[in-house]
Amino acid sequence: MSLAPTSDIPIDLAREAVHARLRSRAAAHCDRTAVTARELAARFGVDEQAAELAGLLHDWSREEPDAALLAYAEMHGISVLDEERAHPYLLHSRVAAEQLREDFRGIRLDVLSAVAAHTVGVVPMTPLDKVVYIADAIEPERAYPGVEELRETAANCPLDTVFGDVYASSVAFVCEKGAVLHPMTALVAAQVERETGTSPLCPKDGERP
Ligand SMILES: [Fe+2]
Ligand SMILES: [Fe+2]
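Since we're looking at a predicted model, the values are computed, not measured.

Helices and strands together make up the secondary structure of the protein, namely 11 helices and zero strands. Order of helices (α) and strands (β) in the protein, N terminus to C terminus: α-α-α-α-α-α-α-α-α-α-α. Compactness check: the protein gives a C-alpha radius of gyration of 16 Å against a globular reference of 17 Å for 209 residues, within 12% of the reference. C-alpha extents for the protein along the principal axes are approximately 45 × 40 × 30 Å. When the 209 residues of the protein are sorted by exposure, 41% land in the buried category. Nonlocal contacts in the protein, meaning residues at least 24 apart in sequence, comprise 60% of its contacts between residues at least 6 apart.

Next comes the structure, spelled out in C-alpha cells:
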C-alpha cells in the first residue's frame, strides 16, 4: 500500500488511514496525541507539522499480535533483543516506523524516528522525538498518578526537563511493576542525566539495567 508519493503526507489522509486501521479507542488516542504534540512543538520551537504527523501515526502497529510483530521484525532486519522476544509489544514502535516507511512512501525520516522512539526511546533523543514521547504520555485522556504534575511541568519547564520527568515516570512505572527495564533505558537515561543533571532511573534500583 502506498498512500502518498511525496514527503508531504497530508494530515487528513494520515488521519483517515489511522481510523481505518486502528480500533476507535486507539485511533482517538492517536488524534489526541497529534494535537498535544502539535501544541508542545509550538511551545518548544519544534516542527509542528512533523510533530502532529508523528503523533497521529505513532501507534500504527500497536494492534499487531505479538507473533506478527516478531515475524515482521525478523523479516525486515529489525534487531530483536531478549527483552523484546519476551515482550513483543515493545517492538510496536520500531515495527511501526518500518511499516510506515512502506505504507507512506517518502515519509520524513524525522517523523519515523519519533515513531520509533515512542516506547523506550532512542539515542540520541531529538527535540521532535521528545515532543512526541511526551505527547503520548500526557495527552488529555491519560490518567495515572502524577500525570497532572507532568502536564504542569510541560506547560512551564524547558523541553529537556519535561522529557526527563516524563521518562522518569515511565521508568518508575516499569520498576513498580517489577518488570525488567529495556536496555535502551540506560542509554536514554544517560542522555537525560547529561542534559538535566538528574538521572531518570528509579532510585531503589539505580544500577539497572
Ligand atoms: Fe505505543
Ligand atoms: Fe500511544
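Let us now look at the confidence of the model for the protein. Of the residues in the protein, 93% reach a pLDDT of 70 or more, and the chain-wide mean stands at 93. Low pLDDT, under 50, characterises residues 1-6; the predicted model gives this stretch 15 contacts beyond four residues in sequence or across chains. A low-confidence stretch, residues 204-209 stays under pLDDT 50, and its non-local contacts, those more than four residues away or across chains, total 10 contacts.

Along the chain, Val-123 connects to Pro-124 via a cis peptide bond; the corresponding omega equals -5°. Structurally, the position occupied by Pro-124 is in the loop between helix H7 (109-116) and helix H8 (127-138).

Membership of the largest hydrophobic core comes to 53 residues, with the highest contact counts inside it found for Ala-51, Ala-54, Val-131 and Ile-134. When neighbours within four sequence positions are excluded, Val-131 is seen to be in contact with Ala-37, Leu-40, Ala-41, Phe-44, Val-46 and Ala-51.

On to the packing of helix H2 (residues 24-44) against helix H3 (residues 48-57), then. Contact pair H2 / H3: the axes reach a minimum separation of 7 Å and the direction vectors enclose 155°. It follows from the interaxial angle that H2 and H3 lie roughly antiparallel. Like other packed secondary-structure pairs, H2 and H3 cross with a definite hand, here right-handed. Residue-level contacts link Cys-30, Thr-33, Ala-34, Thr-36, Ala-37, Arg-38, Leu-40, Ala-41 and Ala-42 of H2 to Glu-48, Ala-51, Glu-52, Ala-54, Gly-55 and Leu-56 of H3. Broken down by class, the residue content of the contact of H2 with H3 amounts to nine nonpolar, three polar and three charged.

Turning our attention to helix H11 (residues 184-196). For H11, with 13 residues, the first-to-last C-alpha span of 18 Å sits near the 18 Å given by 1.5 Å per residue. Buried residues of H11: Thr-185, Val-188, Ala-189, Gln-191 and Val-192, and no others. For H11, the arc enclosing every buried residue in end-on projection is 160°, short of the 170-degree limit, so these residues lie on one face. Each element contacted by the buried residues of H11 is listed here: helix H10 (159-177). Two residues or fewer after H11 comes Gly-197, characterised by a positive phi angle close to 80°.

Relative to each other, H2 and H8 sit at 135°, their axes nearing to 8 Å. One way to sum up the angle between H2 and H8 is to call them oblique. Along this stretch, H2 crosses H8, giving a crossing that reads as right-handed. Here Thr-33, Thr-36, Ala-37, Leu-40, Ala-41 and Phe-44 of H2 come into contact with H8, specifically with Pro-127, Val-131, Val-132, Ile-134, Ala-135, Asp-136 and Ile-138. Per-class residue counts for the contact of H2 with H8 are 10 nonpolar, two polar and one charged.

How each quantity is defined
Each chain has its residues counted from 1, following the order in which its sequence is written. The naming scheme follows written order: chains are lettered A onward, ligands numbered 1 onward. Reporting of local features is limited, given that this is a predicted model, to residues whose pLDDT is at least 70; pairs of side-chain atoms are given and counted only at 80 or more, and all residues count toward the totals for whole chains, interfaces and linings. Here a helix means four or more residues in a row that DSSP labels H or I, a strand means two or more in a row labelled E, and each is numbered from the N terminus. To get the radius of gyration, use the C-alpha atoms; to get the globule rule, take the number of residues to the power 0.38 and multiply by 2.2 Å. Exposure classes come from backbone-placed C-beta atoms, where a residue is buried if 20 or more other C-beta atoms lie within 10 Å of its own, exposed if 12 or fewer do, and partly exposed in between. Two residues qualify as a contact pair if the distance between their C-beta atoms, derived from the backbone, is within 7 Å. Scored from 0 to 100, pLDDT records how confident the predictor is in each individual residue. Any nonpolar core is a set of buried residues, restricted to Ala, Val, Leu, Ile, Met, Phe, Trp, Tyr and Cys, that join up through C-beta atoms within 7 Å. Angles run from 0 to 180 degrees between N-to-C directions of axes, and those axes are lines fitted to C-alpha atoms, restricted for helices to the stretch in contact. Should an angle fall under 35 degrees it is called roughly parallel, over 145 degrees roughly antiparallel, and 65 to 115 degrees roughly perpendicular, with every other angle called oblique. Here a crossing is called left-handed whenever its near helix is offset anticlockwise from the far helix by less than a right angle, and right-handed whenever the offset is clockwise. Residues are grouped as follows: Ala, Val, Leu, Ile, Met, Phe, Trp, Tyr, Cys and Pro are nonpolar; Asp, Glu, Lys and Arg are charged; every other residue, Gly included, is polar. For a helix, the expected span equals 1.5 Å multiplied by the residue count minus one. Taken from the helix axis, the directions to the C-beta atoms give the arc we talk about.

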